[in-house]
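One-letter residues, chain by chain:
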Amino acid sequence: MQSLIQILYPPQCVMCEARTEVDFALCGRCWAETPFIDGLCCDECGSPLPGQGEPEFGILCDDCMVIARPWSKGRAAMIYKDKARRLVLSLKHGDRTDLARAAGPWLARAAGPLITPETLIVPVPLHRFRLLRRKFNQAALLAGQTAAVAGVQRCSDALIRPKKTAPLEGHTRDQRFEALSGAIAANPKRMAQLAGRKVLLIDDVMTSGATFAAATEPCYGAGADDVCVLALARVVKNA
């Protein structure tokens, strides 16, 4: 029966109609055209850095040298441009929830040594009104798939968003941090799950880092031992 299904409905690229060997994957052409982040990257935000070689702990980009990051380490799977931007927007606004399944292995690969058996994966939350309108939290979908690939625990409602904020597109870095101040809190029902844990926060896009900062603080406030961050895509200057 499975063979018949594969004959009738062969696997296709998640970004085009080209055939692939497995479901929920990119074809060779789309893979080559997707700006994945490989090699050297900033240890705190995941931005790609000049040079070659494997990622090294402690190397920072220009922004992270002057901006205090409340989390300890950060990574991203791809640069937010071209096919990566299209993929993120399709997931976020195009109801392409299947893309989260494709992204799970990419995120787990990008996180690498940030994930340990003790890691608790936590998505950045949406305000309830936005969740009602969108019907799903893309960060929660990404967190679920990453946790499944990595074989670690996740808690989808560890954080809540009691403060409604306007869309942040077009805002400056300072405006983003101001708008998100106090916007995210620990869920009182999940405080015990955060206490003493190594938390990995997941979101779809990292721009200034304001959202991750707003989510990191309540994790530490609830007693988390360490907080790292992971984005599907990183906005990069001049990209």
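What you see is a predicted model, and the numbers here were worked out from it, not measured in a lab.

Honestly, helix α10 (residues 210-221) in this entry has me stumped. Any pointers?
An α-helical turn contains 3.6 residues, so any two residues separated by three or four positions project in the same direction. For α10, with 12 residues, the first-to-last C-alpha span of 17 Å sits near the 16 Å given by 1.5 Å per residue. Counting buried residues along α10, 9 of its 12 residues qualify, which places the element largely inside the surrounding structure. Those residues of α10 lying buried are Ala 210, Thr 211, Phe 212, Ala 213, Ala 214, Ala 215, Thr 216, Pro 218 and Cys 219. For α10, the elements touching its buried residues are β4 (159-160), α8 (173-180), β5 (185-186), α9 (191-194), β6 (198-206) and β7 (226-234). Phi turns positive, to about 100°, at Gly 223, one or two residues after α10.

Help me understand the sheet that holds strand β1 (residues 73-79), please; the structure alone is not making it clear to me.
The strands making up a sheet associate through hydrogen bonds between their backbones, and the pairing can be parallel or antiparallel. Read across the sheet, 5 strands follow the order β1-β7-β6-β2-β3 without closing on themselves; strand pairing throughout is parallel. The sheet terminates laterally at β1 and β3 (153-154), the two strands that pair on one side only. When β1 meets β7, the two strands line up parallel, connected through 6 bridges. Bridging from a neighbouring strand, Lys 73 pairs with Cys 228 of β7. Sitting on the sheet, helix α7 (residues 138-150) is in contact with β2 (119-123), β3, β6 and β7, with an inclination near 130° to β6.

Looking at this structure, how should I read the domain arrangement of the protein chain?
Quite often, the size of an interface is put as the accessible area lost when its parts meet. Annotation of the protein chain at the domain level lists domain 1 (1-33) and domain 2 (35-234). On the side of domain 2, 11 residues touch domain 1, which itself brings 7 residues to the contact. Of the roughly 1,000 Å² buried between domain 1 and domain 2 on both sides combined, carbon and sulfur atoms contribute 71%. Connecting domain 1 to domain 2 are 1 salt bridge. In this structure, the salt-bridge partner of Lys 83 is Glu 33, at a minimum N-O distance of 3.6 Å. Seen at the junction of domain 1 and domain 2, the total is 2 residue pairs in polar contact (both at pLDDT 80 or more). The residue makeup of the side of domain 1 that touches domain 2, split by class, is 6 nonpolar, no polar and 1 charged.

Just checking my understanding: could you explain the pattern of salt bridges for this structure?
Where charged atoms from two side chains of opposite charge approach closely, those side chains can pair. Under the definition given, this model contains 10 salt bridges. In this structure, Asp 43 engages Arg 75 in a salt bridge whose closest nitrogen and oxygen atoms are separated by 3.0 Å. Taken as a pair, Asp 43 in the loop between α2 (28-32) and α3 (62-66) and Arg 75 in strand β1 lie far apart in primary sequence, 32 residues in all. Through salt bridges that share partners, Arg 29, Glu 33 and Lys 83 make up one connected network.

Reading the values: rules and limits
Residues take numbers from 1 onward in each chain, read along the sequence in its written order. Whole-chain, interface and lining totals are the exception, using all residues; otherwise, since this is a predicted model, local features are given only for residues with pLDDT of at least 70 and side-chain atom pairs are given and counted only at 80 or more. For the side-chain quantities, the full set of heavy atoms in the structure was used; hydrogens and water were omitted. Each helix is a run of H or I in the DSSP string that is no shorter than four residues. Each strand is a run of E no shorter than two, and both are numbered from the N terminus. Expected helix span is taken as 1.5 Å per residue step, with the number of steps being one fewer than the number of residues. A simple rule labels every residue: compare its accessible area, found with a 1.4 Å probe on the protein chains alone, to the largest value its type can have, and call it buried under 20%, exposed over 50%, or partly exposed in between. Contact definition: two residues touch when any of their heavy atoms are within 4.5 Å. For two strands to pair, DSSP has to find at least two bridges joining them. Orientation is described by axes fitted as lines to C-alpha atoms, over the contacting stretch for helices, and by angles from 0 to 180 degrees between their N-to-C directions. In this entry, domain limits derive from an automatic or database-based domain assignment. Take the accessible area each of two parts loses on contact, using a 1.4 Å probe, and add the two losses: that sum is the buried area. Any carboxyl oxygen of Asp or Glu within 4 Å of a side-chain nitrogen of Lys or Arg constitutes a salt bridge here. Throughout this description, a polar contact denotes any pair of N or O atoms lying within 3.5 Å of each other; where both atoms belong to protein, one of them has to be capable of donating a hydrogen while the other can accept it, and for residues adjacent in sequence the pair is counted only when both atoms sit in side chains. Throughout, the ten residues Ala, Val, Leu, Ile, Met, Phe, Trp, Tyr, Cys and Pro are labelled nonpolar, Asp, Glu, Lys and Arg are labelled charged, and all others, Gly among them, are labelled polar.

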